[in-house]
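Listed below are the residues making up each chain.
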Amino acid sequence: MGRSVRARAAGLGLLAALSACAGPPGDGVPASATARAGPARCPAPGADDLRAEPVRLPFRALRAGEGHGTLDLLAVSGDGVVWATRSVQRVTAAGMETTSGGLSRWDGDRWQAYALPSGMRVAAIGALSGARAWVFGSGGDGRLGLVAGVADGAVATSAVPEDGAASIGLYGTAARGPWAVSGRDALRWDGSGWRAYRLPAPARALGGEGADVWTVGATPSEPAARWDGTAWQAVPLPEPGAPAGARSPRTRLGDVAVLGPHDVWVVGGVSWLPPGEYDEQGEPLERRRPLALHWDGSSWRCLWGPEGAAFTEAEPDGRAGMWVLDSTRSRLHHYAAGRWTTTNVAGTVTALAHRPGSAEVYAAGWTGREGGPTTPALWRTP
């Protein structure tokens, strides 16, 4: 089971130092907590399984604030409040200067900015409501595992102790609602304090809500992990095949979307070097195909998309379907009732987020030309 850490409601009443947790590493993950899941391997890429039909853009642009820059990370709480990290651009005589604009909150009417600790390198953000959110990262002064929390309009900062969940806040951290995961570490806010868990496998992506939360790592060589409301359980993933004759095939997983207890999608892509093919610079030509793994509660099914890009992020659409971003960062794919469609956004998307309990999905990013001044952008499904 987990290891408990309590925070006293003093001052801001949000963050307190995360104290040491009892038990040796790996406690809370019984040796038998592994689900059976086949197949062990996906077939080699064949035809386009998705056969996505182009459609008109269903996202509409929202106000994203003033000035030049970008919206980067994104979280949306169930009450509809949007939280995003922001980068700010300024044109100087020496060229383009980009700095952190901290954390921004949008309530549907106005944006409010929150300054973060100087030099903080942000890895992930999560939100419970319009009054409570967290930013996970590390400090420019070498401090690791910082947590900046917003509660009732104020920011408080704490550090994750090494004997609690030391990798939280480092590169590869993912956050959603009350959860944050990184490597084998997981933290969950229980309303008054943090509870730490040891995951059965390394994690870099997080999906789901309530008593059905999943994590996946960077590759399918290690299992996914499923939170069943009381404990984490390992779920083996199939190993994708590669085209015949492909050199240096590599599978990278990007995200996991939980549509229901027996309806889970893991998305990513496979890249490889085709023999005898080179780019304009004479370098070996890399090819990629998107990959979607579907879990029906007992086994996995492997679906391949057309060559050209990989899947990077996925979010439920609130209607038993999902939205998936690919590595072009401007093309979104939608899945619903066995049908795939695709559409382009008039800008660059850096993050997707579903509003819990609704059919709203948000996309954050920017518009403009890369390398020049850009404008922060926020889109939402109608």
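Further up the page is the structure itself.
Residues numbered from 1 in each chain as written. Predicted model: local features only at pLDDT ≥ 70, side-chain atom pairs only at ≥ 80, totals over all residues. Heavy atoms only, no water.

Section: the state of the cysteines
When the sulfur atoms of two cysteines share a covalent bond, that bond is a disulfide.
Turning to step 1, where the next piece is worked out: Using the criterion set out here, one finds one disulfide in the structure.
Turning to step 2, where the next piece is worked out: Linked covalently through their sulfurs, Cys 42 and Cys 302 form a disulfide whose S-S length is 1.9 Å. Residues Cys 42 and Cys 302 are joined through a disulfide that is left-handed, its torsion about the S-S bond being -65 degrees. Placement of the pair is Cys 42 in the loop between strand S1 (3-4) and strand S2 (53-54) and Cys 302 in strand S22 (residues 300-304), with a sequence separation of 260 residues. (Disulfide = S-S within 2.5 Å. Helix = DSSP H or I, 4+ residues; strand = E, 2+ residues; numbered from the N terminus.)

Regarding the sheet that holds strand S19 (residues 247-260)
Turning to step 1, where the next piece is worked out: Taken in spatial order, the four strands of this open sheet run S19-S20-S21-S22, and their pairing is antiparallel. Each having just a single partner strand, S19 and S22 make up the two edges of the open sheet. With direction set aside, neighbouring strand axes in the sheet form an average angle of 20 degrees.
Turning to step 2, where the next piece is worked out: Here strand S21 (residues 287-295) pairs with S22 via five bridges, running antiparallel. For Ala 292, the partnering residue across the bridge sits in S22 and is Leu 303. (Pairing = 2+ DSSP bridges. Axes fitted to C-alpha atoms, helices over the stretch in contact; angles between N-to-C directions.)

Topic: the pattern of salt bridges
Turning to step 1, where the next piece is worked out: Tallied over the entire structure, the rule returns 10 salt bridges.
Turning to step 2, where the next piece is worked out: One salt bridge connects Glu 53 with Arg 339, and the closest N-O pair in it is separated by 2.7 Å. In this pair, Glu 53 sits in strand S2 while Arg 339 sits in strand S26 (residues 339-344), placing the two residues 286 residues apart along the sequence.
Turning to step 3, where the next piece is worked out: Here Glu 277 ties to Arg 287 by a salt bridge, and the two come within 2.4 Å at their closest N and O atoms. You can see Glu 277 sitting in the loop between strand S20 (263-273) and S21 and its partner Arg 287 sitting in strand S21, a full 10 residues away along the chain.
Turning to step 4, where the next piece is worked out: Its relative accessible area of 26% is what places Arg 287 among the partly exposed residues.
Turning to step 5, where the next piece is worked out: One network of salt bridges, in which partners are shared, links Glu 277, Arg 287 and Glu 307. (Salt bridge = Lys/Arg side-chain N within 4 Å of Asp/Glu carboxyl O. Buried < 20%, exposed > 50% of the residue type's maximum accessible area, 1.4 Å probe, protein only.)

A closer look at the nonpolar core
The nonpolar side chains of a soluble globular protein tend to be buried, and buried together.
Turning to step 1, where the next piece is worked out: Formed by 21 residues in total, the largest nonpolar core has its most connected members in Trp 214, Leu 237, Val 266, Leu 293 and Trp 300.
Turning to step 2, where the next piece is worked out: Of all the secondary structure elements, the ones that give two or more residues to this core are strand S16 (212-216), S19, S20, S21 and S22.
Turning to step 3, where the next piece is worked out: Every residue in contact with Leu 237, bar those within four places of it in the chain, is listed here: Ala 40, Pro 220, Glu 222, Pro 223, Ala 224, Leu 253, Val 266, Leu 293 and Trp 300. (Core = buried A, V, L, I, M, F, W, Y, C linked by side-chain atoms within 4.5 Å. Contact = heavy atoms within 4.5 Å.)

Observations concerning the environment of Arg 252
Turning to step 1, where the next piece is worked out: Considering the arrangement of structural elements, one finds Arg 252 in strand S19.
Turning to step 2, where the next piece is worked out: Take Arg 252: its relative accessible area is 40%, and that puts it in the partly exposed class.
Turning to step 3, where the next piece is worked out: Note: C-alpha distance between Arg 252 and Ser 271 (19 residues apart in sequence) is 8.3 Å.
Turning to step 4, where the next piece is worked out: Here Arg 252 is in contact with Ala 218, Thr 219, Gly 268 and Gly 269, once residues within four sequence places are set aside.

Thoughts on unusual backbone geometry
Turning to step 1, where the next piece is worked out: Phi angles above zero are rare outside glycine, and Arg 51 is one such case at about 45 degrees.
Turning to step 2, where the next piece is worked out: Within the secondary structure layout, Arg 51 lies in the loop between S1 and S2.
Turning to step 3, where the next piece is worked out: Of note, the phi angle at Arg 329 is positive, near 65 degrees, even though the residue is not glycine.
Turning to step 4, where the next piece is worked out: Along the polypeptide, Arg 329 turns up in the loop between strand S24 (322-326) and strand S25 (331-336).

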